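Residues per chain, in single letters:
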Amino acid sequence: MDALNLPAFDAKIEQRDGKHVIFDVIRRRYVALTPEEWVRQHFTHFLLEVKGYPQGLLANEIQINLNGTKKRCDTVLYRRDLTPQMIVEYKAPSVEITQAVFDQITRYNMVLKVDYLIVSNGLRHYCCRIDYARNTYYFLPDIPRYTDL
């Protein structure tokens, strides 16, 4: 797998039925090791180990209903009262982060109405804060620590 612009971690990778799988600490099970999953696992460990996010408040592959269609948010951070606070969307390192990616996460936010949106392809990471009072958003210079949310 590609080197990413994220800290390395002790990835638990196995081969099952001729395919590589990686252990997801959030879902507590092995999942198919795709380029996007490689990014998700690195980013999740970055949030947990570097930024101090509580593991119990993160969830991967959260299904939402968007205009009658089932969609999946890659990672959602919940507040302690279990209302969603952040959506993270991952792309494979080979996928450029474009306006279409931001449009995708914005559609998910029409349902969840979170305060923070993050997009990452493992090489570039973007985080924006939604200002609902002013009906706008602004990009943050870095991914915030959990205590700074």
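As the structure is a computational prediction, the values presented were derived from the model and not from experiment.

## Brief notes about the overall build of the protein
Thinking step 1. The helix and strand inventory of the protein stands at two helices and nine strands.
Thinking step 2. Mapped in sequence order, the helices and strands of the protein form the string β-β-β-α-β-β-β-α-β-β-β.
Thinking step 3. Computed over C-alpha atoms, the radius of gyration of the protein comes to 15 Å, within 12% of the 15 Å expected from 2.2 N^0.38 for 149 residues, which places it in the range of a compact globule.
Thinking step 4. Projected onto the principal axes, the alpha-carbon positions of the protein cover approximately 50 × 35 × 30 Å.
Thinking step 5. Looking at the protein residue by residue over its 149 residues, the buried ones come to 49%.
Thinking step 6. When the accessible surface of the protein is totalled, it reaches about 8300 Å², and 48% of it is carbon and sulfur.
Thinking step 7. For the protein, the separation between the mean place of its 20 positive charges and that of its 18 negative charges on side chains is 5 Å.

## What to know about the environment of Asp17
Thinking step 1. By secondary structure assignment, the location of Asp17 is in the loop between β1 (13–16) and β2 (19–24).
Thinking step 2. Taking C-alpha positions, Asp17 is 32 Å from Leu77, a pair spaced 60 residues apart along the chain.

## Some remarks on the pairing of strand β6 (residues 84–90)
Thinking step 1. For β6, the buried fraction is high: seven of the seven residues fall into the buried class.
Thinking step 2. Linking strand β5 (residues 69–78) back to β6 in an antiparallel pair, the connection comprises five residues, with Leu82 at a positive phi of about 70 degrees.
Thinking step 3. Strand direction decides the pairing type here: β6 and strand β7 (residues 116–120), joined by five bridges, are parallel. Across the sheet, residue Glu89 finds its bridge partner in β7, namely Val119.

## Topic: the sheet that holds strand β3 (residues 29–32)
Paired through their backbone hydrogen bonds, the strands of a sheet run either parallel or antiparallel.
Thinking step 1. What the three strands build is an open sheet, ordered β1-β2-β3; its pairing is antiparallel. The open sheet has two edge strands, β1 and β3, and neither has a second partner. Sheet twist, expressed as the mean angle between neighbouring strand axes with direction ignored, is 45 degrees.
Thinking step 2. Note: β2 against β3, four bridges, orientation antiparallel. Residue pairing in the sheet places Val21 in a bridge with Ala32 of β3.
Thinking step 3. Helix α1 (residues 35–50) contacts β1, β2 and β3 of the sheet and is inclined by roughly 25 degrees relative to β2.

## Things to note about the nonpolar core
Thinking step 1. Judged by nonpolar contacts, the single largest core of 26 residues is most densely connected at Phe43, Tyr53 and Ile143.
Thinking step 2. Of all the elements in the fold, those that place two or more residues in this core are α1, β6 and β7.
Thinking step 3. At six residues, the largest contribution of residues to this core is made by α1.
Thinking step 4. Not counting chain neighbours up to four residues away, the residues in contact with Phe43 comprise Leu6, Val88, Tyr90, Ile118, Ser120, His125 and Ile143.

## With respect to the UniProt feature "domain: Type I restriction enzyme R protein N-terminal" (unreviewed entry) in the protein
Thinking step 1. Under the present numbering, the feature "domain: Type I restriction enzyme R protein N-terminal" (unreviewed entry) in UniProt falls on residues 35–144.
Thinking step 2. Secondary structure content for residues 35–144 is 27% helix and 38% strand, while the C-alpha to C-alpha distance between its ends is 25 Å.

## A few points about α1
Thinking step 1. Relative to the 22 Å expected for 16 residues at 1.5 Å per residue, α1 spans 22 Å between its end C-alpha atoms, a close match to the ideal helical length.
Thinking step 2. Counting buried positions along α1 gives 12 out of 16 residues, so the element sits mostly inside the fold.
Thinking step 3. Phi turns positive one or two residues past the end of α1, at Gly52, with a value near 75 degrees.

Rules used throughout
Residues numbered from 1 in each chain as written. Predicted model: local features only at pLDDT ≥ 70, side-chain atom pairs only at ≥ 80, totals over all residues. Heavy atoms only, no water. Helix = DSSP H or I, 4+ residues; strand = E, 2+ residues; numbered from the N terminus. Rg over C-alpha atoms; globule rule 2.2 N^0.38 Å. Buried < 20%, exposed > 50% of the residue type's maximum accessible area, 1.4 Å probe, protein only. Areas by Shrake-Rupley, 256 points an atom, 1.4 Å probe, with all protein chains shown as cover. Lys, Arg positive; Asp, Glu negative; His and termini not counted. Charge placed at Lys NZ, Arg CZ, Asp CG, Glu CD. Pairing = 2+ DSSP bridges. Axes fitted to C-alpha atoms, helices over the stretch in contact; angles between N-to-C directions. Contact = heavy atoms within 4.5 Å. Core = buried A, V, L, I, M, F, W, Y, C linked by side-chain atoms within 4.5 Å. UniProt positions renumbered as here; feature names shortened; annotations may be inferred. Expected span 1.5 Å × (residues − 1).

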